[in-house]
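# Residue-level structure breakdown
In case you want the letters, here they are:
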Amino acid sequence: MLLESGALRDSYTYGGTTLAGRVMFVTADAAQFTAPWAAVAKINNPADPDVAAAHAARVLVASNTCGAATSTVDCDASRAAGLANGVQMLMDDFPAPVASRPDWLVVPGGTPARCNPVTAGPSCTAESIENLAP
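These notes cover the structure that comes with them. (Residues numbered from 1 in each chain as written. Predicted model: local features only at pLDDT ≥ 70, side-chain atom pairs only at ≥ 80, totals over all residues. Heavy atoms only, no water.)

### A short note on the sheet that holds strand 2 (residues 60–66)
Spatial ordering of the open sheet is given by 1-2-3, a layout of three strands whose pairing is parallel. Sheet topology places strand 1 (40–42) and strand 3 (89–92) at the edges, where each strand pairs with a single neighbour. Neighbour-to-neighbour, the strand axes of the sheet open up by a mean angle of 25 degrees, direction not taken into account. Direction of pairing for strand 2 relative to strand 3: parallel, over a ladder of four bridges. (Pairing = 2+ DSSP bridges. Helix = DSSP H or I, 4+ residues; strand = E, 2+ residues; numbered from the N terminus. Axes fitted to C-alpha atoms, helices over the stretch in contact; angles between N-to-C directions.)

Laid out in structure tokens, this is it:
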């Protein structure tokens, strides 16, 4: 995923028209969610209303939920918002327990994947996502 905006993104998407012949997805801003090349968005505040707009446009969302310099309270709030709002790609400096922190990213009902609480159908199960073998 190319995390770039402005002139580089415009050039890579042939003026915002296509990704034909390209090897990466490019992050889209909210105003671009309906563009023909829009597939992913990097929204670092998982409580941002743009997350819902991305879901409505069928755009996958990535969010940073916790950094090493972020307080436990803020990390917990950000993780909770990301999980509740259906952010598909939660990025966290603490995906597992470490001695220096009391908190880490835990995906409830996930192994590590889970059904998206916002976009998944009622018959979705974490087991069906993880067991994709033919």
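Don't stop here, the text continues.
### Side note on the packing of aromatic side chains
In this structure the tally under the stated criterion is zero aromatic pairs. Over the ring of tyrosine 12 we find arginine 22, and its NZ or CZ is 4.6 Å from the ring centre. (Phe/Tyr/Trp six-rings, centres within 6.5 Å; stacked < 30°, edge-to-face > 60°. Lys NZ or Arg CZ within 6 Å of the ring centre and 35° of its normal.)

### As for the side chain of serine 78
On the secondary structure map, serine 78 appears in helix 3 (residues 72–84). Classification of serine 78 as buried rests on a relative accessible area of 16%. Ignoring sequence-local partners within four residues, the contact set of serine 78 consists of Pro46, Asn64 and Thr65. (Buried < 20%, exposed > 50% of the residue type's maximum accessible area, 1.4 Å probe, protein only. Contact = heavy atoms within 4.5 Å.)

### So, the state of the cysteines
Within the structure shown, the criterion is met by two disulfides. Residue pairing for cysteine 66: its cysteine sulfur links by disulfide to cysteine 75, the two sulfurs lying 1.9 Å apart. Disulfide cysteine 66-cysteine 75: the torsion about the S-S bond is 65 degrees, which places it as right-handed. Numbered by order of appearance in the sequence, the disulfide-linked cysteines of the protein chain pair as 1-2, 3-4. (Disulfide = S-S within 2.5 Å.)

### Describing the pattern of salt bridges
One side chain can pair with another of opposite charge once the charged atoms of both are near each other. The full count for this structure, using the stated rule, is five salt bridges. The salt bridge partner of aspartate 76 is arginine 79, with a shortest N-O separation of 3.3 Å. Within this pair, aspartate 76 and its partner arginine 79 are both found in helix 3, separated by three residues, close to a single helical turn. Classification of aspartate 76 as partly exposed rests on a relative accessible area of 39%. Judged by relative accessible area, arginine 79 falls into the buried class, the value being 4%. Here arginine 101 and aspartate 103 are joined by a salt bridge, their closest N and O atoms 3.0 Å apart. Each of the two residues, arginine 101 as well as aspartate 103, counts as buried. (Salt bridge = Lys/Arg side-chain N within 4 Å of Asp/Glu carboxyl O.)

That's the geometry; what it means functionally is another story.
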